[in-house]
Amino acid sequence: MITLPGRHTRVFAAATAAAGLLLVSACTSTDDGGASKTTAGGVELVKAGRLTTCTHLPYPPFQSEIDGKVQGFDVALIDLVADALKVKQEILDTPFENFKTGAFLNSGECDLAAAGMTITEEREKNLDFSVPYFDATQAVLVDKKAGVTSLADIRAKKVKLGAQAQTTGEEYVKKEGFDPVSFESSDAVLNGLRTGQVKAVVIDYPVVQGWLKDKATADAFTMVDNLETGEQYGIAVKKGNTALTEAIDKAITDAKADGTYKKIYEQWIGPYEAASASPSES
């Protein structure tokens, strides 16, 4: 698990956005002590003894702060990679828009990016991706009082729609002709619904699953559509970092073969589906 030194801000000013917010494992020293940055498997890391992960908080169930620790599906998967490399995972909270360019990877601040990130042709221009580790769809969540039953109904009745900025969900609804209200994080998306800024949102289905586990949320909102967009999540690394990509691929493949992936999936996502263990090529 990854521990936090305390509560952290989730809105970044321009100056702090470049640096991000470092969330360090309690059992990991901040002093490299001159140790080698190359693991026994030949993977060169940005910090000795640590596998530094760029992410964007919060994005449950993939990564979020729970009881003072950063936890989630992605965190658990990358812990497997770190264990295989005999290092500790360390998390850097960064703005999601920087992931598409690979900025934090190219600058040597992070080894990889894990943030429930969809593999796309556009992103592959700047990043290398692991094998797909999760098949995703987009869900449409609406205020029960809005009186809409589908994305088409939202369009017809001109209901105000929201989405998380810089995500494939936002891209999807824009291509469908919507002008969504953009929110900085998944928490902000849900808050937009709760405060009436929007009456409907489009966001990844597992996120909506997590929200609806809360009775108050389930009482006020309902999912009316599940959009099959053909998305698959991947772990991103710097272009050309073949050794790390192969290490991530092996950890994911081994986890699916020995049942570890299934356990992590059931812990963070819900009932396990075999299709998630053998995703089609992106």
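Everything that follows concerns the structure shown earlier in this document.
This report concerns the structure included in the present document.

## Some words on the sheet that holds strand β9 (residues 134-143)
If you trace the five strands from one edge of the open sheet to the other, you get β11-β10-β12-β9-β13, paired in mixed fashion. Each of the sheet's edge strands pairs with one partner strand only, and the pair in question is β11 (181-183) and β13 (221-233). Ignoring strand direction, the axes of neighbouring strands in this sheet form an average angle of 25°. Where strand β10 (residues 161-164) lies against β11, three bridges are found, and the strand directions are parallel. Note on β11: the bridge partner recorded for glycine 162 is valine 181.

## Re the nonpolar core
By size, the foremost hydrophobic cluster in this structure holds 45 residues, and its most contacted members are Leu51, Phe73, Leu112, Phe134 and Trp211. Sorting the residues of this core by element identifies α2 (73-85), β9, α7 (186-194), β12 (200-204), α8 (205-211), β13, α10 (242-258) and α11 (260-268) as the ones contributing at least two each. Excluding residues that lie within four positions of it along the chain, leucine 51 makes contacts with Leu45, Ile78, Val81, Ala82, Leu85, Val87, Lys88, Gln89, Glu90, Asp111, Leu112 and Leu244. Ranked by size, the runner-up nonpolar core spans 14 residues in total, among them Cys54, Phe99, Ala115 and Ile119.

## Topic: α10
The end-to-end C-alpha distance of α10 is 24 Å, a good match for the 24 Å that 17 residues give at a rise of 1.5 Å each. Regarding α10, the residues found buried are Leu244, Thr245, Ala247, Ile248, Asp249, Ala251, Ile252, Ala255 and Lys256. Two residues or fewer after α10 comes glycine 259, characterised by a positive phi angle close to 95°.

## Things to note about the state of the cysteines
A complete count under the given rule lists one disulfide for this structure. Disulfide partner of cysteine 54: cysteine 110, at an S-S distance of 2.1 Å. Measuring handedness by torsion sign, the sulfur bridge of cysteine 54 and cysteine 110 sits at about 70° and is right-handed. Of this pair, cysteine 54 sits in strand β3 (residues 50-55) while cysteine 110 sits in the loop between α3 (103-106) and β7 (112-113), placing them 56 residues apart in sequence. Residue classification places cysteine 54 among the buried positions, given a relative accessible area of 1%.

## Overview of the pattern of salt bridges
For the structure on display, the rule yields 11 salt bridges. Here lysine 199 ties to aspartate 143 by a salt bridge, and the two come within 3.8 Å at their closest N and O atoms. Here lysine 199 is found in the loop between α7 and β12, whereas its partner aspartate 143 is found in strand β9, with 56 residues between them in sequence. The exposure class of aspartate 143 is buried, given its relative accessible area of 10%.

## Here's the deal with the packing of α2 against α11
Contact geometry for α2 and α11: axes closest at 9 Å, N-to-C directions at 155°. If you check the angle between α2 and α11, you find them roughly antiparallel. You can see that α2 and α11 cross each other, and the crossing is right-handed. Between α2 and α11, the residues in contact are Phe73, Ala76, Leu77 and Leu80 and Thr260, Tyr261, Ile264, Tyr265 and Trp268, respectively. Class assignment of the residues belonging to the contact of α2 with α11 gives a composition of eight nonpolar, one polar and no charged.

## Observations regarding the pairing of β12
With respect to burial, β12 is a largely interior element, five of its five residues being buried. Taken together, the three bridges between β10 and β12 define a ladder with parallel strand orientation. When the bridges of β12 are listed, alanine 163 appears paired with valine 202.

## Structural notes on the side chain of threonine 53
Among the structural elements, threonine 53 can be located in strand β3. Within the structure, the side chain of threonine 53 is placed 3.1 Å from the side chain of glutamine 89, a separation counted as a polar contact. Ignoring sequence-local partners within four residues, the contact set of threonine 53 consists of Ile78, Gln89, Glu90, Ile91, Leu92, Cys110, Leu112 and Ala114.

## Things to note about α7
Where α7 is concerned, the buried positions are Ser186, Val189, Leu190, Gly192 and Leu193. End-on view of α7: buried residues confined to an arc of 155°, all on one side of the axis.

What counts, and at which threshold
- Residues numbered from 1 in each chain as written.
- Predicted model: local features only at pLDDT ≥ 70, side-chain atom pairs only at ≥ 80, totals over all residues.
- Heavy atoms only, no water.
- Pairing = 2+ DSSP bridges.
- Helix = DSSP H or I, 4+ residues; strand = E, 2+ residues; numbered from the N terminus.
- Axes fitted to C-alpha atoms, helices over the stretch in contact; angles between N-to-C directions.
- Core = buried A, V, L, I, M, F, W, Y, C linked by side-chain atoms within 4.5 Å.
- Buried < 20%, exposed > 50% of the residue type's maximum accessible area, 1.4 Å probe, protein only.
- Contact = heavy atoms within 4.5 Å.
- Expected span 1.5 Å × (residues − 1).
- Disulfide = S-S within 2.5 Å.
- Salt bridge = Lys/Arg side-chain N within 4 Å of Asp/Glu carboxyl O.
- Parallel < 35°, antiparallel > 145°, perpendicular 65-115°, else oblique.
- Left-handed = near helix turned anticlockwise from the far one by under 90°.
- Nonpolar A, V, L, I, M, F, W, Y, C, P; charged D, E, K, R; others polar.
- Polar contact = N/O pair within 3.5 Å; in protein donor to acceptor, adjacent residues only side chain to side chain.
- Arc of directions from axis to C-beta.

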